[in-house]
Amino acid sequence: RVASLKKTPRGYCLIQTPVAELLPYRSVDESRWYRGSLSEASVWLTKQGHFGPAVIVDVAIENVKLGQRITIAVDAGSGETINITFDFHSGRVLVDRTQTGNTSFADNFSAVHAALFDFAAGRLSLQLLLDVNSLELFIQGGETVISEQVFFTSSIRRFSLNAEHPLSETVTIELHSLGSSKGKA
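Keep in mind that this is a model prediction, so the values were computed, not measured.

Undergrad: A description of the environment of Thr17 should follow, citing residues and the corresponding values.
TA: Looking at the secondary structure, you find Thr17 in strand β2 (residues 11-17). Of the residues examined, Thr17 reaches a relative accessible area of 29% and is grouped as partly exposed. Considered as a pair, Thr17 and Val2 are 15 residues apart in the sequence and their alpha carbons are 5.3 Å apart. Those residues in contact with Thr17, other than ones at most four positions away along the chain, are Arg1, Val2, Phe138 and Gly141.

As structure tokens, this is what we get:
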């Protein structure tokens, strides 16, 4: 990660972003884009099928109303799911990893974690990085960052997007498989 300062209406904020060296690993052959309503984006995302274990998902949602709850789910099959829920009433993001494959090695590993995020402009930006055993969330340009360790038993990944009351939200989604580091400098 790269840490830097960003001037916001609330003052300076420490932000974190993925390292630039990650960009060459985005697979051009396994990239998909979508822009439209939240309801249509949900259908489109479900139709994309599965990706391998390493993927980057960029999501931007505009015109989000106060009180809305939007969930992005990462499904690895066999009932293994991570739910990432953005609550636009409380300003909290909840990451539920209670169903993420192997959680039996420690009683307190299977948990729901929460963090605050700023949604003042009615907009959400999220960059989700997922590999074999980790999930990184860069929310609102890195103003909120969450790292989770996960132990899926499968190497497939499917994504879904749901909202309690989809209204006039506009969603932009980019999906990129991450390629191998072999031959990359």
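Moving on, there is more to tell.
Undergrad: So what's going on with the packing of aromatic side chains? Which residues, and what values?
TA: Throughout the structure, instances matching the rule amount to nine aromatic pairs. Here the aromatic rings of Tyr34 and Trp44 are separated by 5.2 Å at their centres, their planes lie at 25°, and the arrangement is stacked. Linking Tyr34 in strand β3 (residues 26-37) with Trp44 in helix α1 (residues 38-47), this pair joins segments that are 10 residues apart in sequence. Aromatic side chains Phe109 and Phe151 sit 5.7 Å apart centroid to centroid with 40° between the ring planes, which places their arrangement in the tilted category. A residue pair is termed long-range when its members are at least 10 positions apart, and Phe109 in the loop between β7 (92-99) and β8 (112-116) and Phe151 in the loop between β11 (144-149) and β12 (158-163) qualify at 42 residues.

Undergrad: A description of the environment of Ala163 should follow, citing residues and the corresponding values.
TA: As for its placement among the helices and strands, Ala163 is situated in strand β12. Along the backbone, Ala163 and Gly141 are 22 residues apart, and their C-alpha atoms lie at a distance of 22 Å.

Undergrad: With reference to specific residues and values, describe the pairing of strand β9 (residues 124-130).
TA: With seven of its seven residues buried, β9 lies for the most part within the structure. Every second residue of β9 is oriented toward a common face, with Leu124, Leu126, Leu128 and Leu130 on one face and Ser125, Gln127 and Leu129 on the other, all of them buried. Bridge analysis of strand β4 (residues 55-62) against β9 gives seven bridges, and the strand direction is antiparallel. Directly across from Ile61, in β9, lies its bridge partner Leu124. As consecutive antiparallel partners, β9 and strand β10 (residues 134-139) are separated by three residues.

Undergrad: Talk me through the sheet that holds strand β5 (residues 69-75); I want residue IDs and the actual numbers.
TA: The strands making up a sheet are joined through hydrogen bonds of the backbone, oriented either antiparallel or parallel. Spatially, β8-β7-β6-β5-β12 is the arrangement adopted by the five strands of the open sheet, whose pairing is antiparallel. Each edge of the sheet is formed by a strand with only one pairing partner; in this case those strands are β8 and β12. Ignoring which end each strand starts from, the neighbouring axes of this sheet average 15° apart. Inspection of the sheet shows β7 paired to β8 by five bridges, in the antiparallel sense. Following the sheet pairing, Val95 is matched in β8 by His113.

Undergrad: Requested: an account of the confidence of the model for the protein, with residues and values cited.
TA: With 94% of its residues at a pLDDT of 70 or more, the protein shows a mean pLDDT of 86. Taken together, the stretch residues 181-185 has pLDDT below 50 and engages in three contacts with residues farther than four places along the chain or on a different chain.

Undergrad: With reference to specific residues and values, describe the pattern of salt bridges.
TA: Scanning the model with the defined rule gives nine salt bridges in all. Close ionic contact of Glu143 with Lys6 constitutes a salt bridge, the shortest N to O distance being 3.1 Å. Of the two residues, Glu143 sits in the loop between β10 and β11 while Lys6 sits in strand β1 (residues 2-8), which places them 137 residues apart along the sequence. A relative accessible area of 32% means that Lys6 is categorised as partly exposed. Among the ionic pairs, Glu62 bridges to Arg35, the shortest N-O distance being 3.9 Å. One end of the pair, Glu62, is in strand β4; the other, Arg35, is in strand β3, with 27 residues separating them in the sequence. Residue Glu62 is classed as partly exposed on the basis of its relative accessible area, which comes to 26%. Taking the relative accessible area as the measure of exposure, Arg35 reaches 52% and is therefore exposed. Shared partners join several salt bridges into a network, and the residues in it are Lys6, Arg10, Asp118 and Glu143.

Thresholds applied
Residues numbered from 1 in each chain as written. Predicted model: local features only at pLDDT ≥ 70, side-chain atom pairs only at ≥ 80, totals over all residues. Heavy atoms only, no water. Helix = DSSP H or I, 4+ residues; strand = E, 2+ residues; numbered from the N terminus. Buried < 20%, exposed > 50% of the residue type's maximum accessible area, 1.4 Å probe, protein only. Contact = heavy atoms within 4.5 Å. Phe/Tyr/Trp six-rings, centres within 6.5 Å; stacked < 30°, edge-to-face > 60°. Pairing = 2+ DSSP bridges. Axes fitted to C-alpha atoms, helices over the stretch in contact; angles between N-to-C directions. pLDDT = per-residue confidence, 0-100. Salt bridge = Lys/Arg side-chain N within 4 Å of Asp/Glu carboxyl O.

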